[in-house]
Amino acid sequence: MRGGCRPRHARDRAVCMTNCPTLIVTVGLPARGKTYISKKLTRYLNWIGVPTKEFNVGQYRRECLKIYKSFEFFRPDNEEGLRIRRQCALAALNDVRQYLSVEGGQVAVFDATNTTRERRGTIVKFAEQNGFKVFFVESVCEDPDVIAQNIVQVKLDSPDYLHCNTEEAVEDFMKRIKCYESSYQPLDEVLDRDLSYIKIMDVGCRYLVNRVLDHIQSRIVYYLMNIHITPRSIYLCRHGESDLNIKGRIGGDSGLSARGKEYAKSLRKFIHEQKINDLKVWTSQMKRTIQTAECLQVPYEQWKSLNEIDAGVCEEMRYEEIQEHFPLEFALRDQDKYRYRYPKGESYEDLVQRLEPVIMELERQENVLVVCHQAVMRCLLAYFLDKTADELPYLKCPLHTVLKLTPMAYGCKVESVCLGVDSVNTHRDRPENVKVQRTTEDALQTVPAHL
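All values derive from a computational prediction rather than experimental measurement. (Residues numbered from 1 in each chain as written. Predicted model: local features only at pLDDT ≥ 70, side-chain atom pairs only at ≥ 80, totals over all residues. Heavy atoms only, no water.)

1. Notes on the sheet that holds strand β11 (residues 401-407)
To be explicit about the condition: DSSP bridges decide pairing: two strands pair if at least two such bridges lie between them. Comment: elements are numbered from the N terminus, with helices defined as DSSP H or I runs of at least four residues and strands as E runs of at least two. Whether two residues are in contact is decided by their heavy atoms, any of which lying within 4.5 Å being enough. Interaxial angle, 0 to 180 degrees, is taken between N-to-C directions of lines fitted to C-alpha atoms, where a helix line uses only the stretch in contact.
If you walk across this open sheet you meet the six strands as β9-β8-β10-β7-β11-β12, and the pairing is mixed. The outermost strands of the open sheet, each flanked by one partner alone, are β9 (301-302) and β12 (412-418). Against the sheet, helix α10 (residues 287-294) makes contact with β8 (280-283), β9 and β10 (368-372), and its axis sits at roughly 155 degrees relative to β8, the strand it touches most.

Right, dumping it as structure tokens:
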């Protein structure tokens, strides 16, 4: 069994060591944002390098039933419905066991209502038998406007209501909520004092945290206390084209080229036309982002965390020079670009860790423009678009293009705006041949053109 967990006594209850896998369990009535929280938490934990998977019991129910008829299925006196729902929950828990015990997962998110103490007790017993830690996340909301907004934004797009008009769907879903209300037993400070949990009240107006046991649980709490649902947009762009960009040299701290300065003016015009309320502008501490932001004629804040990836001994070199002087390093980077660390420099994996405070602050803020660098923008974009570690280093983030990210219920809407100022291409795809014993021609196959 993973995580140093072994049977303790006759009941085969496993001992949870410090590094045991974690089972996150949502609690709450329908339309309280449980799936929103589950998906965001899963995305965040995967981004910081903690293998995490979400298990939505509603999806198991849809696969089992195929056709949803009405709220009647959820009535507490519907024995057939109760049997199917229990069966779906057990199927999801079996998959949780497989993921955490066999497939190498570290965190599983069990997304369901889990509104009764009996159901939560079953989950705790399951976790004890398998050596998993349990952390409950309860979302409590009494604001009818928030609930109605959640139903309209999310539930009406559910497969359950594909063939209903809006009014019928809302009416049915409200009745579905009523089916749960009579048996709902919220987490209680006295009765549940031995459980580890966070209770989120009215979408983050208040929190109650109980018995946080380890580092993962503390990070989960910190993250959940920073997210919000206020509508906003995040604008990501790179600096204007730099003098070193034109020469095909990586890194360095050069200023803007003539075209880079032209782009900065176009960016000012674009931002002005957007008429964004209370826009905050963040840059790195490097000349090319600062010069770009200066042209905007608005206050901006410099972040050292937003500095470009440190290429170490390869700073200010062309790819051709890296291949000539460090052919082994060049091949190793192509083999695993995310984890490869430049000699005396950084890897993308290092960069993600450096950028975590930026992500946390972006989650707290409303409208923000981040003027950054290619590798940094890739890391930020991978978080918002839920990209894997293998995809991240090859995300296309061209110069002189603004990406407008608008967080939606279960994801992020992306709008790409090219500002029409020419620039060099700095994107290098993974070449077909990544072997150490490759020819120079193979190694340089995907290097973009430059002076």
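2. Concerning the sheet that holds strand β4 (residues 133-140)
Two pairing modes exist for strands in a sheet, parallel and antiparallel, and in both the strands are linked by backbone hydrogen bonds. Read across the open sheet, the six strands follow the order β2-β3-β1-β4-β5-β6; overall the sheet is mixed. Both outer strands of the open sheet, β2 (52-56) and β6 (206-210), are each paired with one neighbouring strand and no more. Between one strand and the next, the sheet's axes are offset by a mean angle of 15 degrees, whatever the strand orientation. In the sheet, strand β1 (residues 22-27) pairs with β4 via six bridges, with the strands oriented parallel. Counted as the bridge partner of Val25 is Phe136 from β4. Across the face of the sheet, helix α2 (residues 57-65) comes into contact with β2 and β3 (107-111) while running at roughly 50 degrees to β2.

3. What about the packing of helix α3 (residues 79-101) against helix α4 (residues 117-130)?
Selection rule: Throughout this description, any angle smaller than 35 degrees is read as roughly parallel, any larger than 145 degrees as roughly antiparallel, any in the 65 to 115 degree range as roughly perpendicular, and the remainder as oblique. Left-handed describes a crossing in which the near helix is turned anticlockwise from the far one by less than a right angle; the clockwise case is right-handed. Throughout, the ten residues Ala, Val, Leu, Ile, Met, Phe, Trp, Tyr, Cys and Pro are labelled nonpolar, Asp, Glu, Lys and Arg are labelled charged, and all others, Gly among them, are labelled polar.
Here α3 crosses α4 at 25 degrees, and the two axes come no closer than 12 Å. As summarised for this structure, α3 and α4 are arranged roughly parallel, according to the angle between their axes. Of the two possible hands of crossing, α3 and α4 adopt the one that is right-handed. Side by side, α3 and α4 meet where Arg86, Ala89, Leu93, Val96 and Arg97 of the first sit next to Arg119, Ile123, Phe126 and Asn130 of the second. Looking at the contact of α3 with α4 residue by residue, the class counts come to five nonpolar, one polar and three charged.

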